[in-house]
Amino acid sequence: MYDAIVIGAGPAGLQAALTLGRMHRSTLMLDSGQYRNGTVQHMHNVVANDGTPPAQFRATAREQLAEYADVEIRDVAAQGVAGVAGDFVVTLPGDTSAAARTVILATGVADDLPPVDGLAELWGTKAFACPFCDGHEHAGQPIVVLGAAARVEHLMAMLGRFVGEITAVPVSEPFTPEEVASLERHGARVSRAVADAVRQEGDDVRVRTADAEHVVAGIFVASGSVRQRAPFAAQLGLGMLDSGAIEIDDFGRTSVPGIFAAGDIAHRASLPGPMAAVTLAAAAGQMAAVGAIQTLMAH
């Protein structure tokens, strides 16, 4: 039986495994090979790794984890989690399983994009959601912001200080006259028609509507949503927040003793939602590992 099983091998899971390994706690980390930033070419706003490809970041982390004899990594996707504190069983492919005293969920979320033809193909390369991660790269350049008016204005408030011209384009139904007026007061060009399709042409992105085609450097999506990538929160009956994230305390503890969560699948109730940031995910992974170690010390 392992001291901990870490499910997920993004920044949160990698940091959790490292912290556990440094404390000589027997740890199994499970890597499904699916990552929220799997299509992203370069990470940004990550101190000492600004511009590093996410795959390189993960590879370096795994090389360093290989130095810790107490950490085992398997490239498999967990199928289920059951049990009670001190005796959890994680179901693996091929009718196999692994047991652990504690479990850290670091499976991340999946993005559900607006139904615009071609958008998924540009996600992470020419279409983005996070202004902290990708806004700087569009300084002085024209962009389209897709989404509902209120969320478009929110992104404009952050990006408008340094990007070029912003064109606001609705994705499900046209903006109301009042919304058009408000967006224009905030300095946007406003499309009266919804986005039909997007495509890349050279370094540019073309956003097509029923009455126009907007040529810009990139797209920022203000109307996407996220969901839990894995079913474990539901399987375990974990307490959830209105954001759709798992509720945790400062040490990543969930409502089920012995189960911890870290990364963008979870946040404290004092926050409106999780922040999609590599550094914050890693910090959450470290705190969850410390919480797990505290639990192990108490038994």
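Quick note: structure is the one above.
Everything numeric here is computed off the predicted structure, so don't read it as measured data.

### Description of helix 6 (residues 177-185)
Step number 1: Among the residues making up helix 6, those that are buried are Val180, Ser182 and Leu183. The arc that holds every buried residue of helix 6, seen down its axis, measures 165°, which confines them to one face. Opposite the buried face of helix 6, at more than 90 degrees from it, the exposed residues are Pro177, Glu178 and Arg185.
Step number 2: Against the buried residues of helix 6 lie helix 5 (149-159), strand 10 (166-169) and strand 11 (189-190).
Step number 3: Gly187 occupies a position one or two residues after helix 6 and carries a positive phi of about 95°.

### Observations concerning the nonpolar core
Step number 1: Ranked by internal contacts, the top residues of the largest apolar core, which has 27 residues, are Ile5, Ile7, Val90, Leu105, Ile246 and Ile259.
Step number 2: Elements supplying a minimum of two residues to this core: strand 1 (2-7), strand 2 (27-30), strand 5 (87-92), strand 6 (96-105), helix 7 (232-236) and strand 18 (259-261).
Step number 3: Here this core takes four residues from strand 6, the largest share from any one element.
Step number 4: Every residue in contact with Leu105, bar those within four places of it in the chain, is listed here: Ile7, Phe232, Leu236, Leu238, Ile246, Ile259, Phe260, Ala261, Ala262 and Ile265.
Step number 5: Ranked by size, the runner-up nonpolar core spans 21 residues in total, among them Ala9, Leu14, Met29 and Ile104.

### Considerations on the pattern of salt bridges
Step number 1: According to the stated counting rule, one finds 16 salt bridges in the structure shown.
Step number 2: When the shortest N-O distance is used, the salt bridge between Arg189 and Glu165 registers 3.5 Å. Taken together, the residues Arg189 in strand 11 and Glu165 in the loop between helix 5 and strand 10 connect sequence positions 24 residues apart.
Step number 3: For Glu165, a relative accessible area of 43% puts it in the partly exposed group.
Step number 4: Its salt-bridge partner being Arg192, residue Glu184 comes within 3.3 Å of it at the nearest N-O pair.
Step number 5: With a relative accessible area of 39%, Glu184 lands in the partly exposed category.
Step number 6: Three or more residues joined by partner-sharing salt bridges are found here, namely Arg199, Glu201, Arg206 and Glu213.

The rules behind the values
- Residues numbered from 1 in each chain as written.
- Predicted model: local features only at pLDDT ≥ 70, side-chain atom pairs only at ≥ 80, totals over all residues.
- Heavy atoms only, no water.
- Buried < 20%, exposed > 50% of the residue type's maximum accessible area, 1.4 Å probe, protein only.
- Helix = DSSP H or I, 4+ residues; strand = E, 2+ residues; numbered from the N terminus.
- Arc of directions from axis to C-beta.
- Contact = heavy atoms within 4.5 Å.
- Core = buried A, V, L, I, M, F, W, Y, C linked by side-chain atoms within 4.5 Å.
- Salt bridge = Lys/Arg side-chain N within 4 Å of Asp/Glu carboxyl O.

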